[in-house]
Amino acid sequence: MLLGPALALSAILFSIGVAGVIIRRNAIVLFMCIELMLNAVNLAFVALAQLYGVAGWVIVFFVMTVAAAEAAVGLAIILAVFRHNQSIDLQNVNLLHG
Amino acid sequence: MSLLAARVAEAALAARPAGAVGLVWLAVALPLAGFVVNGALAILRPRAKTVVSVVGTGVLVAAFAVAVAVFLEVRRAAPEHPVIVTLWPWLHAGDLKVDLAFQVDQLSTLMLLVVTGVGGLIHLYSVGYMGADPGYARYFAYLNLFVAFMLLLVLGASFPVLFIGWEGVGLCSYLLISFWFTDQQNADAGKKAFLVNRVGDFGFLIAMFLLWHTVGSLDLATVLDRAPAALGTETATWITLFLLLGCIGKSAQIPLYIWLPDAMAGPTPVSALIHAATMVTAGVYLVARTGVLFALAPASSLVAAAVGALTALFAATIGLRQYDIKKVLAYSTVSQLGYMFLGVGAGAYAAGMFHLVTHAFFKALLFLGAGSVIHALQHAYHATGASEDPQDMRNMGGLAGRLPVTYRFMVIGTLAIAGLPPLSGFFSKDEILAAAFARGADQPVYYLLYAMGLAAAFLTAVYMARLVVMTFLGTTRVGEAERSKLHEAPASMTGPVVALGVLSAVGGLLNLPAGIAWGPALERWLHPVTRAALELRPLAPPGGTTAALLVAAAVAAGVLGLVVGYRATSRERILPARLAPPETGFARVLYRKYFVDEIYQALIVRPVVWLSERVLWRTVDQAIVDGVFVHGGVWLAHRVGRLGSRLQNGQVGVYVILFLVGALWVLYAVAG
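The model shown is predicted, which means the values in this text are computed figures rather than measured ones.

In terms of helices and strands, chain A carries three helices and zero strands. Across chain A, helices and strands are ordered from the amino to the carboxyl terminus as α-α-α. The burial tally for chain A puts 12% of its 98 residues in the buried class. Sequence-distant contacts in chain A: of pairs separated by 6 or more residues, those separated by 24 or more amount to 49%.

Below you can see the structure in the form of structure tokens.
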């Protein structure tokens, strides 16, 4: 019940996230897009738990935990980038170019 | 080192032939130990001359004692087949089984006696001759090493073992020719000897491969046993021709003789030991040793004989017009080696070996005598500070009174090499000429070779008489100041000269003509070795009147040569080297050795250098290998790297796209 629409919403959210990561340059927006992708995946897990049992719900908690940790690290990096560049435009963060 | 020694001793003691023959490895091990000790002393204690002298000559005396013991044992047992003394397995790979093994038979015993005997005397002589040299220990180390390799060569029971000795003596020859290596000329002479010998070694190697391919063994005894059944005439001819190339290189025959005269750059005792008595005779030894193969290939035998006769005559003519006393003897050695090749080529293996032995005596004697002269002059020049060439005979003359012992024994050597009865050279040279003549009965071309040999005998007498006259007789051309400084050599030098003089005088008794006293003892002694070859290619020596006429002709050639040489040189007005006018006419051609070195330089050395520099270096190496492969490879890697590095532009967005494309592709590959 409602499996189809739920997965469709998940796919749409994920695609928006991917598009945002590719297109946007602002580190914060990019970061939010990553969160969006994570939550899209969470949605898919919850929806599929109806069919495959409790494992889907459990995984969601793991993803949220990892996302929290990642948010901490990611924000710290963004802070450091800002201190260094006085901006969070990722176009300027290209020290590792070939 | 001690582990190796223990292994050698263990291997040697386990199940060897009983008695002295089983201990024959000592003859090689002792000089080798001498090399190790003297080599260590040369590095650690170069001034310990007494120890070096004792060790250096002591090992040779000990090796000679072993040789005598082996000789007595072989004489008692008279083995019909070689006794093989195996030390340890060496190369075992598939069907190839080569052991480090020595073979003791009549031929190797003879060579063992000659090498250790003459070698011992020359070591003793070196104590006096090299006494003042700063490289004394190094000299004896090399000389000991040479003897070890030479004995390995003559005792080796298989071609590969023999080849180690063959290469080893070549190495020692190189080291000793360029012993005084600070002089560019000496270093060049050493290199020349080494390189020319490589040409011959190539032939030896090819012959070995062919033998392995056709006969399936590299053991001398097995090869000689199977060869008559396994080899057709054509195969045998190819094998022996390549083998002969090796022998020609080592024994300095046309066209590879050019290194030997230059090899006189080494110390004189080295010239006597390596470049007259032993190493250069290795080629003759090898032909005699593989006589069966040569008997199977009459064409190769003819080539050997022809090369020998041609070399004998050719080198003798050059010897007529050389002024360096050692150069005369060097060309004389080349010429006498030609005789030996004529002998073994004609199928008279015993006669060739006989001449090898007598030549070892009288040529070592002549070289050591020349060494005494050079030594005396060198010291005189050193005392007065003059910078004349102590080897140039134009600077000598009238030395008989100053060096009486040397003079007398040089005369004995001269008469022996000229072939005057009853000295040793008479018997051996006569036998070779008789064999060549006898071979003419079925192959008339040998009559021509005989005539060339006879002419060479005449020329030999001429240049030797010239040498004696220019050095010892007439008015002296030694400078006023030096005259009083000339002294006879010390006893350690005259002793070996006297011993070799006695051997040169009586050496002919080894192999008298049949019917006189004990007759051809050496021929009988070598018969077990030469029998197989002689059965394949019998040789009937001339008898009766023919033999007498041949002897008369040989003696006449010798006597006539001595007279001509004596009279021509006595009448000649000789000026000291620095005043002498340049040679003209044919004398100049002879003096410049027929310009053979110049011809080789133009025909071989220059083209090779050109090919190496222009084609191999500039084109192949620099342009193709460096240019195309090395720099081209770098360029390619650089370009591809540039291409790849475009992707790494540091923009996270690009990475994400790539990641996405990759992830989708993987998904597609897994799901689709």
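Take the overall build of chain B next. Within chain B one finds 26 helices and two strands. Residues classed as buried in chain B amount to 53% of the 672 residues present. In chain B, the proportion of contacts linking residues at least 24 apart, taken out of those at least 6 apart, comes to 81%.

This part takes up the packing of helix α4 (residues 106-129) of chain B against helix α5 (residues 136-155) of chain B. Residue and element names in this part refer to chain B. Taken N-terminus to C-terminus, the directions of α4 and α5 make an angle of 170°; their axes are 9 Å apart at the nearest point. As far as their axial angle goes, α5 and α4 are roughly antiparallel. The segment α4 lies against α5, with S108, M111, L112, V115, G119, H123 and S126 engaging Y139, L143, V147, M150, L151, V154 and L155. Split by residue class, the contact of α4 with α5 holds ten nonpolar, four polar and no charged.

Take helix α9 (residues 233-250) of chain B next. The periodicity of an α-helix, 3.6 residues per turn, causes residues three or four places apart in sequence to face the same way. Residue and element names in this part refer to chain B. If you check α9, its first and last C-alpha atoms are 25 Å apart, about what 18 residues at 1.5 Å a residue would give, namely 26 Å. Counting buried positions over the 18 residues of α9 gives 13, a clear majority of the element. Remark: A252 follows α9 within two positions and exhibits a positive phi of approximately 55°.

This part takes up the pairing of strand β2 (residues 96-104) of chain B. Residue and element names in this part refer to chain B. Looking at chain direction, strand β1 (residues 83-93) and β2 are connected through nine bridges and run antiparallel. Within β2, the residue paired with T86 across the bridge is A101. Connecting β1 to the antiparallel partner β2 that follows it, the hairpin turn spans two residues, and G94 within it adopts a positive phi of roughly 60°.

All names here are of chain B. Taken N-terminus to C-terminus, the directions of helix α14 (residues 298-319) and helix α19 (residues 445-472) make an angle of 25°; their axes are 8 Å apart at the nearest point. In terms of orientation, α14 lies roughly parallel with respect to α19. For the element pair α14 and α19, the recorded crossing hand is left-handed. Counting all contacts with α14, which are made through L302, A305, A306, A309, L310, A312, L313, A316, T317 and G319, the residues of α19 involved are V445, Y446, L449, M452, G453, A455, A456, L459, T460 and Y463. Residue composition of the contact of α14 with α19, grouped by class: 16 nonpolar, four polar and no charged.

As a further point, take unusual backbone geometry. Residue and element names in this part refer to chain B. Backbone torsion omega between I254 and P255 reads 5°, so that peptide bond is classified as cis. Structurally, the position occupied by P255 is in the loop between α9 and α10 (259-262). Residue P421 is joined to P422 through a cis peptide bond whose omega torsion reads 0°. With respect to the secondary-structure elements, P422 resides in the loop between α17 (404-418) and α18 (424-439).

This brings us to the environment of R289 of chain B. All names here are of chain B. Mapped onto the elements of the fold, R289 is located in helix α12 (residues 282-289). Along the chain, R289 and G508 lie 219 residues apart, while their C-alpha atoms are 22 Å from each other. Once you skip the residues sitting within four places of it in the chain, R289 turns out to touch L107 and L220.

The subject of this paragraph is the confidence of the model for chain B. Regions with low pLDDT carry predicted coordinates that are not meant to be interpreted in detail. When pLDDT is averaged along chain B, the result is 91; 97% of the residues meet or exceed 70. Two numbers describe this predicted complex: its pTM, 0.81, and its ipTM, 0.81.

Counting 234 residues, the largest nonpolar core has V24, L151, A364 and A436 of chain B as its most contacted members. With 22 residues, helix α16 (residues 349-384) of chain B is the single largest residue contributor to this core. Each residue touching L151 of chain B, except ones within four places of it in the same chain, is listed here: A27, V28, P31, L112 and V115 of chain B. Counting residues in hydrophobic clusters, the runner-up holds seven residues, among them V18, A27, F31 and L90 of chain A.

Our next topic: helix α21 (residues 491-506) of chain B. Spanning 16 residues, α21 of chain B covers 22 Å between terminal C-alpha atoms, matching the ideal 22 Å at 1.5 Å per step. What α21 of chain B keeps buried is the set M493, T494, P496, V497, A499, L500, G501, L503, S504 and A505 of chain B.

All names here are of chain B. In this structure, T57 sits in helix α3 (residues 49-77). For the pair T57 and D597, spaced 540 residues apart in sequence, the C-alpha to C-alpha distance is 37 Å. Setting aside anything within four residues of it in sequence, one finds T57 in contact with G120, H123, L124 and V127.

Attention now goes to the environment of R439 of chain B. All names here are of chain B. Positionally, R439 belongs in helix α18. Judged by the 27 C-beta atoms lying within 10 Å of it, R439 falls in the buried class. Placed 99 residues apart in sequence, R439 and P538 show a C-alpha to C-alpha distance of 9.5 Å. Setting aside residues up to four positions removed in sequence, R439 forms contacts with A346, G347, Y446 and L539.

The rules we used
Residues numbered from 1 in each chain as written. Chains lettered and ligands numbered in written order. Predicted model: local features only at pLDDT ≥ 70, side-chain atom pairs only at ≥ 80, totals over all residues. Helix = DSSP H or I, 4+ residues; strand = E, 2+ residues; numbered from the N terminus. Buried ≥ 20, exposed ≤ 12 C-beta atoms within 10 Å, placed from the backbone. Contact = placed C-beta atoms within 7 Å. Axes fitted to C-alpha atoms, helices over the stretch in contact; angles between N-to-C directions. Parallel < 35°, antiparallel > 145°, perpendicular 65-115°, else oblique. Nonpolar A, V, L, I, M, F, W, Y, C, P; charged D, E, K, R; others polar. Expected span 1.5 Å × (residues − 1). Pairing = 2+ DSSP bridges. Left-handed = near helix turned anticlockwise from the far one by under 90°. pLDDT = per-residue confidence, 0-100. Core = buried A, V, L, I, M, F, W, Y, C linked by C-beta atoms within 7 Å.

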